[in-house]
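So the chains spell out like this:
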Amino acid sequence: MFGTLKLKQKVFAGFLSVGLVTTAIAAISYVSFDNVLKNFKGFVEYSNRAELNLLLAHNVSEIQRQALIYTYEGHQSAAEQVHALYGDMKQTLEKGESLKSDHADLIQKHIHSYMQAFEQLQQQRELQHHLIHFDLKDAAANAEHFLQLHIQQQSLHHDNTELLMHERILNSLLSIEKYALRYFNTLDPSYIQKTKAGFITVRKQIQAMKTDKQRLSAGTESTNALKNIETYERTFLEAVQRTRGYLFLVNVVMSAEAYEILYNARKMSDQVTQEMTTIEQDTLSTLQQLFNYIIIALLLSLLMVLLLSVLIGRSLTKPIMGLTKAFNALSQGSHKTEIPPYQANDEIGDLTRAAVVFKEKNLQTHTLLEQAKALTQELKKSQEKYVDLYDNAPDMYASVEAATALVLQCNQTVANKLGYRKDEMIGQPIFALYHADCMDKVQAAFKSFIETGVVHNAELQLRKKDGSKIEVNLNVTSVRDENGQILHSRSSWIDITDRKQAEEKVRKLSQAVDQSGEAVAITDAAGCIEYINPAFSLITGYSEAEAIGQNPRILKSGNQDAAFYEKMWSTLRSGEFWQSKVINKRKNGDFYPSMLTISPIKNDSGKITNYIGIQQSLEAIEALEAQFHQSQKMEAIGTLVGGIAHDFNNNLAGITGNLYLAKMAAKSLPEVVKRLDSVETLSFGAAATIQQLLAFSRKGIVQMNPLSISSFLKETIKLQQVSLPESVSLQLQVNDTDMLVKGDINQLQQVLMNLINNAFDAVQKSENPAIRICLDRFQADDDFVTQHNGYRLGEYARISVVDNGSGIKPEHLNHVFEPFFTTKEQGKGTGLGLAMVYGAVKTHDGMVDIISSLQGTTVQLCLPLIMSGEAIDIAVQEDQVVDGDGEMILLVDDNKTVLKTAKDVLEGINYVVLTAEDGLAAIETYQSHINDIDLVILDVVMPRLGGVEALKMIKDINPDVKAMFATGYDKLRTLGVNQQEMTEKVISKPFAVSKLSQLIREVLRG
Amino acid sequence: MKKKSESDLGRRDFLKTCGSMVVGAAATFAFPAIISARDSKPTIRVVGTHVTLQEALRQKAEKDLGINIEFYPGGSAEVLLKASTDPSSFDLYEQWSNSMNVLWQANAIQPISINKLTYWDEINGLTKTGRISPGAKIGLGDAPHKLLYAQADGSLGANPTGEISFLPYVHNTDSFGYNSAVIPKGIPYETESWGWLLDERYAGKVALVNEPTIGLFDAALAVKARGLMDFKDMGSMTRSELDELFKILVDYKKRGHFRGVWSSVPHSVELMRSGQVDIQSMFSPGVSALNGMGIPCIYAAPKEGYRAWHGVMCLSRESSGERQEAAYAFMNWWLSGWPGAFIARQGYYISNPERSRRFMSASEWDYWYDGKPASQALRGTDGKISVHPNEVRTGGSYIKRFENVAVWNTVMDSYEYSLLKWNEFVMA
């Protein structure tokens, strides 16, 4: 700023600055002196107050002194002085009224109280004065006058005695007066006592005179005398009380008030002194401050003068030097050289401005050069940016020559997407980039392009280098020459693979819902149905047209109460899904159980827009559950039967063995043999019952072998035919002879026998009783398997046993497979037939169905077919005992009775028998007779070491050992034995000796 | 513990009103108002202070006795002057025993016949013999028994006769109070001492009551406790003893030891509340008021003993006939139990306490008379809670207090001279 001024202005500026500093000093001095003046006035004012306080204190002391003078001396002038001083004090306080304070208020109050007390004192004092100087004197005078009168009268009578008494009374009265006055003069209370004593004396003297009427002229007079004395005394006592009253006032009340005035005046003085000290310090401080300011201002002024001198000198030399330097630099083309900031409107200023113009010109030249450089750089960046944008655009771009359909240019994106390098793509025919699947569409699009110059949103597939394809959306524009001929295209492809996949996903989801077996309904937020799937219609009976727009409450059955639905809505409104089993109502009014799951569907902001309800019909599940429960029940029975079968069969084995031996021994006694046969029949009947139960519970011993089902049927029917009466027609209808199943012949025979027996019982009352057995091939496809639980896909041999009986009552149908369920009369049926059928068929992985009506019953057995295998011989063996050739058999069984009986039986049919009671003993025995033993028959379950393990160890000794098992029931599976590993024959106990003998021969034959 | 006792400021207002008393007495001898007056029944006029002239008592007495009663309450000096100069203006006079000499001397009252006092035999030994218990010391000065009996020679004395000068009834003890926030709390009867009033540590913060017949004894007890002088008989100081006492006091005063004197209970409260004073002569209502303001003022139990006062009820010389009978009935009513229980709840004692006991709860008796902790909150005569559970009255039981009386409020023979010296002290 200073540098911009002209020299003359600088000098003026210097003077002006000094002048301003001087003015500031004057202003500060004025303000400071003004403060000092105010402080001085305040000081004077406080001095006046201090003087007033002093005056007040003096007046208080003086007023109390005057009050005491008045009190004790009775000088009226002193009382007047008190009033005058009171006036002065009031005036003093009024003068100091401008300086109000609590102390001043208290002083005023105490002065007022003081004067009130003094005025009372004056009254008391005057009253006392009057009492002493008038009333008391009058009373004394009256008393004396009365006596003087009597003395005069008595002197006339010359009664010296009475005169003497009167004189004494007078003397007493004088004493009273003397003591009374002394009291008032000295204020010594002892004179009160003396005075009172005087009054007593006088009274006594008068009383004494009163008793002598001759001496006192009349009683009335003495009474008057006593009254005078009493008045005298009362006046005295009142004067005493008045005296004490005013003494109390002046010495106690007034002195306390006076002291409080003095005390407060002193406090006020202290305050004033403190204020004055403060003012004094404040004044001194102000003056000190002023002095400091002046010194600082003078120094400042001196500095400014010096500074201005330097500035003016430098303002001339420094710019010239600076400008010289600047011009030198400018002449060399510099545009950065600093131009001295000398903007004054003088010659140096002109030079400065010229230098600035010079510099600006240099700068303009430089700027133009820089701009050219920048433009070049910018252009380069723009090109790079364009290439970058083009190459890295999210979409695929290419230019194709219209005439040749060759790729002229493409971006990196398309190259990357298709797996090419850019240079590989350029020059390629555009058609080569499309997938063959869409070539027709490509041709059509190209044709359209040639005709119109554009292609809009053509959905095509590009072919990647690896042959895979990309779903794209093609848009093409054209570049034409000035004649409108299309030169080349600008093609852009948008990769829509994700979109397509998403669409596919949606399609699948939609189909999943549509094809779901569970009923799906979608409602809006208000519960209005917007969508249902076919399963919904299937389960509920409502078509889509009927359901859309309805509320799901159309399904309400009334089986759920209001609280149920309140809880449901409460859950749903809270955003949670809800699930429960419900009983709904179909369109036709039927109720059906279902598991209903409802979920709220929320939009992005979390607001519920729809609800989706999924109903899973529980009818099939409930049926399955029932089936499951049935299976469990069956399993329990099986476990029970299995548990007793082993011991039971062992016992029966013992019985039947012994029966056989008994029969052999009693051959000569036909009656005995007959009875033993009956016992044997009953024993084997009991064994059959157990077998039935074991078969039902699938615990029995089965030996599954491939067999031709048609041959089996024929053989079995042959046997059955003979047991049926001729009146019953039994026919076999075989529709397919080429079917192999894997089965246990014994069980299947039993099955068929049971079914034929049941059919026979059913047709007893038929007019033309007929039983027909059909065999055909049955194909279980998907639909069948879905609808028939337990079936598997595949082919079955279906055996149907059809009768024309009275049918099974519907209420019995569900129970016919239960063990011990029978509708036959007592003793005719065990209730195990169909149960055994059921268990045996299951053992064979087959199925059994019953269709019954009033016209008859059809039982269908389906046994899975096997594709290969050699069918075993189904010929039924004769019931004949085959004797041995003296071979040695090692018989192993833990049941001693069985062991002994079997030993006897075997020895009876020409075998040599060794026995062992468990596996370990058997091994020892075998080792001892390894070369003698031809066959080992082992029980399966034994203590210490079971039959299976023992045989394994014996095989370790002799791998070619021949052996078979005899067991009460098949615990092998429960024992964890893999039946596949066992090749040995098994005979179940109790066994017929014929069967045993035949099996032994079979094994021995190898 | 906060001391709970006398709540009535009336007795203590006398100093403030003594000035106006003189005016009233000198000007008209009439009283400002008649509180109650009825014509059909005998009417008695009772002059006294606010301590006992309470409206509740008057109404109860009227109801119980079937007479009209007019109360004329006023300041102590005022009523004393009134009674001593105009016996016809009242039937009964209720004040302090230190006014007895004046009244008796002024022939303002007539002897009371013991035969007419129903409960005379129940009055305890404090008034009759000067001792509350056999081992108790008799306080100096005008102990009430010295003024009780009307002697044959017309004087008053302790020698039992058939007539008494006053009916003994309400009485209590006084001491000094100190701000325990400033002065360390002392142990009652052990470390608390009148000598504290002259302790240099409290210089400038000490005040005395502005009443020579009371404050003089506070000062004398303090001087004696400090060992500065002794008295032949503190209850009857000679002029030379007064000279010596006031010489000491004036010396202290000039050295700035005393803030000054107080002339009313509110004045004493203000001095301690404002911090101008830390220790001073006090009346119990002032102590209660300060504690109510949150100032922890302790009413000391000085080891040297209390300064005690005794209320008197006197029969006017002019009372006779039907009015005299009614006056006797009123006197007997005062000792009939209920009034004693009533004033006990204000912290005052009655001369036949046992008769009042049946009108007090056990908890009240324990606290007010036995010096035991209050087992429950106690209500004052205004119906408000005045004593909180577990509070203990400072100074202990009634017996304990009156076994420790150092001096009785007394108008000494040197009264006039003491006034003069008092002035010197106050103005020093």
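Residues numbered from 1 in each chain as written. Chains lettered and ligands numbered in written order. Predicted model: local features only at pLDDT ≥ 70, side-chain atom pairs only at ≥ 80, totals over all residues. Heavy atoms only, no water.

Caption draft 1: Local environment of the overall build of chain A. Along the backbone of chain A there are 26 helices and 22 strands. In terms of C-alpha radius of gyration, chain A reaches 74 Å, well past the compact-globule figure of 30 Å for 1006 residues. By principal-axis analysis of the C-alpha atoms, chain A measures approximately 205 × 140 × 75 Å. Classification of the 1006 residues of chain A by burial places 43% in the buried group. Contacts in chain A between residues far apart in sequence, at least 24 positions, make up 64% of those at least 6 positions apart. If you sum the accessible surface of chain A, you get close to 54,300 Å²; carbon and sulfur atoms cover 54% of it. Counting 99 positive and 119 negative side-chain charges, chain A places the centres of these two groups 7 Å from one another. (Helix = DSSP H or I, 4+ residues; strand = E, 2+ residues; numbered from the N terminus. Rg over C-alpha atoms; globule rule 2.2 N^0.38 Å. Buried < 20%, exposed > 50% of the residue type's maximum accessible area, 1.4 Å probe, protein only. Contact = heavy atoms within 4.5 Å. Areas by Shrake-Rupley, 256 points an atom, 1.4 Å probe, with all protein chains shown as cover. Lys, Arg positive; Asp, Glu negative; His and termini not counted. Charge placed at Lys NZ, Arg CZ, Asp CG, Glu CD.)

Caption draft 2: Representation of the overall build of chain B in the model. Along its length, chain B carries 16 helices and 17 strands. Against the compact-globule benchmark of 22 Å for 428 residues, chain B has a radius of gyration of 21 Å, which places it among compact chains. Seen along its three principal axes, the alpha-carbon backbone of chain B occupies a region of about 65 × 50 × 40 Å. Expressed as a percentage of its 428 residues, the buried residues of chain B come to 65%. Intrachain contacts of chain B at a sequence separation of at least 6 include 70% that bridge at least 24 residues. Charge centroids of chain B, computed over 46 positive and 46 negative side chains, lie 4 Å from each other.

Caption draft 3: Region of the structure containing helix H22 (residues 896-908) of chain A. Residue and element names in this part refer to chain A. Along its 13 residues, H22 runs 18 Å from first to last C-alpha, staying within 8% of the 18 Å computed at 1.5 Å per residue. Burial in H22 covers these residues: Val898, Leu899, Thr901, Ala902, Val905 and Leu906. Asn910 occupies a position one or two residues after H22 and carries a positive phi of about 80 degrees. (Expected span 1.5 Å × (residues − 1).)

Caption draft 4: Summary view of the pattern of salt bridges. Per the stated rule, a full pass over the model turns up 53 salt bridges over all chains. Measuring nitrogen to oxygen at the nearest pair gives 2.6 Å for the salt bridge that ties A:Glu459 to A:Arg499. Linking A:Glu459 in strand S3 (residues 455-463) with A:Arg499 in helix H11 (residues 497-515), this pair joins segments that are 40 residues apart in sequence. You can call A:Arg499 partly exposed: its relative accessible area is 38%. The closest approach of N and O atoms between B:Glu325 and B:Lys116, which form a salt bridge, is 3.2 Å. (Salt bridge = Lys/Arg side-chain N within 4 Å of Asp/Glu carboxyl O.)

Caption draft 5: Inspection of the interface of chain B and chain A at higher detail. If you look at the interface, chain B gives 40 residues, while chain A gives 37 residues. The tally of links between chain B and chain A comes to 2 salt bridges. The salt bridge involving B:Arg259 is made with A:Glu260; its shortest N-O contact spans 3.0 Å. Between the two partners, chain B and chain A, sit 8 residue pairs in polar contact (both at pLDDT 80 or more). (Polar contact = N/O pair within 3.5 Å; in protein donor to acceptor, adjacent residues only side chain to side chain.)

Caption draft 6: Just the pairing of strand S12 (residues 279-282) of chain B, in detail. Residue and element names in this part refer to chain B. For strand S9 (residues 167-179) and S12, the ladder comprises 4 bridges, and the chain directions are antiparallel. By the bridge assignment for S12, Phe176 is matched with Ser281. Bridge count between strand S10 (residues 206-209) and S12: 2 bridges; the pairing is parallel. Bridging from a neighbouring strand, Val206 pairs with Ile279 of S12. (Pairing = 2+ DSSP bridges.)

Caption draft 7: Spatial organisation of the domain arrangement of chain B. Residue and element names in this part refer to chain B. Here chain B is described as being made up of domain 1 (10-172 + 309-357) and domain 2 (173-306 + 404-427). Of the residues lining the interface, 20 residues belong to domain 1; the matching set on domain 2 comes to 26 residues. Note on domain 1 versus domain 2: buried area summed over both sides is about 1,900 Å², and carbon and sulfur give 58% of it. Counting across the interface, domain 1 meets domain 2 through 0 salt bridges. In terms of residue count, the dominant contributor to the side of domain 1 that touches domain 2 is helix H1 (residues 14-27) (3 residues). Grouping the constituent residues of the side of domain 1 that touches domain 2 by class yields 8 nonpolar, 6 polar and 6 charged. (Domains from an automatic or database assignment. Buried area = accessible area lost by both parts, 1.4 Å probe. Nonpolar A, V, L, I, M, F, W, Y, C, P; charged D, E, K, R; others polar.)

Caption draft 8: Focus on the sheet that holds strand S19 (residues 912-916) of chain A. Residues and elements named next belong to chain A. Overall, parallel pairing links the 5 strands, which are arranged S19-S18-S20-S21-S22 in an open sheet. Taken across any chain shown, the strands that pair with only one partner, and hence form the sheet edges, are S19 and strand S22 (985-988). The average angle at which neighbouring strand axes cross in this sheet is 25 degrees, direction not considered. Pairing geometry for strand S18 (residues 888-892) and strand S20 (residues 933-938), over 5 bridges, is parallel. Within S20, the position partnered with Leu890 by the bridge is Val936. Each of S18, S19 and S20 touches helix H23 (residues 919-928); the most contacted strand, S19, lies at about 140 degrees to it. (Axes fitted to C-alpha atoms, helices over the stretch in contact; angles between N-to-C directions.)

Caption draft 9: Looking closely at the sheet that holds strand S7 (residues 529-532) of chain A. Residues and elements named next belong to chain A. Taken together, 5 strands build an open sheet; the order of strands is S7-S6-S10-S9-S8 and the sheet is antiparallel. Two strands lie at the open edges of the sheet, namely S7 and strand S8 (578-585), each paired on one side alone. Between one strand axis and the next, the sheet turns through 25 degrees on average, direction left out of account. Two elements, strand S9 (residues 591-602) and strand S10 (residues 608-617), share 9 bridges in a ladder whose sense is antiparallel. Paired with Ile601 across the strands is Asn610, a residue of S10.

Caption draft 10: The packing of aromatic side chains, seen in detail. All names here are of chain A. Evaluated as defined, the whole model comprises 45 aromatic pairs over all chains. With 6.1 Å between their ring centres and 25 degrees between their planes, Tyr179 and Tyr191 make a pair best called stacked. One end of the pair, Tyr179, is in helix H4 (residues 160-186); the other, Tyr191, is in helix H5 (residues 190-211), and 12 residues separate them in sequence. Residue class for Tyr179 comes out partly exposed when judged on its relative accessible area of 21%. (Phe/Tyr/Trp six-rings, centres within 6.5 Å; stacked < 30°, edge-to-face > 60°.)

Caption draft 11: Quick peek at the packing of helix H2 (residues 55-65) of chain B against helix H11 (residues 321-334) of chain B. Residues and elements named next belong to chain B. Taken N-terminus to C-terminus, the directions of H2 and H11 make an angle of 115 degrees; their axes are 11 Å apart at the nearest point. It follows that H2 is roughly perpendicular to H11 by the angle criterion. Viewed along their axes, H2 and H11 form a crossing whose handedness is right-handed. The residues of H11 that touch H2, namely those facing Leu57, Lys60, Ala61, Asp64 and Leu65, are Ala329, Phe330, Trp333 and Trp334. Of the residues in the contact of H2 with H11, the class split is 7 nonpolar, no polar and 2 charged. (Parallel < 35°, antiparallel > 145°, perpendicular 65-115°, else oblique. Left-handed = near helix turned anticlockwise from the far one by under 90°.)

Caption draft 12: Layout of the domain arrangement of chain A. By domain assignment, chain A separates into domain 1 (122-268), domain 2 (393-501), domain 3 (516-617), domain 4 (702-866) and domain 5 (888-1005). Put simply, the middle of domain 1 of chain A and the middle of domain 4 of chain A, counted by C-alpha atoms, are 163 Å apart.

Caption draft 13: Local environment of the pairing of strand S1 (residues 396-401) of chain A. Residue and element names in this part refer to chain A. With 6 bridges joining them, S1 and strand S5 (residues 486-495) adopt antiparallel strand pairing. Bridge pairing links Ala398 to Ser491 in S5. As judged from the 3 bridges shared by S1 and strand S2 (residues 407-410), these two strands associate in the antiparallel manner. Paired with Ala398 across the bridge in S2 is Cys410. Where S1 hands over to S2, the hairpin turn is made up of 5 residues, of which Ala405 adopts a positive phi near 60 degrees.

Caption draft 14: Fine view of a nonpolar patch on the surface. A cluster of nonpolar side chains, contributed by A:Ile28, A:Tyr293 and A:Ile296, occupies part of the molecular surface with about 260 Å² of accessible area. On the secondary structure map, A:Ile296 appears in helix H6 (residues 219-331). (Patch = residues over 30% accessible without salt bridge, like charges linked within 9 Å, V, L, I, M, F, W, Y side chains within 5 Å.)

Caption draft 15: Region of interest: the nonpolar core. Formed by 113 residues in total, the largest nonpolar core has its most connected members in A:Phe118, A:Leu173, A:Phe236, B:Met237, B:Leu245, B:Ile279 and B:Phe425. Here this core gets 24 residues from one element, more than from any other, and that element is H6(A). In terms of nonpolar packing, the next biggest core, distinct from the first, is built from 77 residues, B:Tyr72, B:Leu335, B:Phe342 and B:Tyr367 among them. (Core = buried A, V, L, I, M, F, W, Y, C linked by side-chain atoms within 4.5 Å.)

Caption draft 16: How the structure looks around the side chain of A:Ser557. Residue and element names in this part refer to chain A. With respect to the secondary-structure elements, Ser557 resides in the loop between helix H13 (544-547) and helix H14 (562-573). What makes Ser557 buried here is its relative accessible area of 14%. Side-chain polar atoms of Ser557 contact the backbone oxygen of Ile583, separated by 2.4 Å. The residues contacting Ser557, other than those within four sequence positions of it, are Ile583, Asn584, Lys585 and Phe591.

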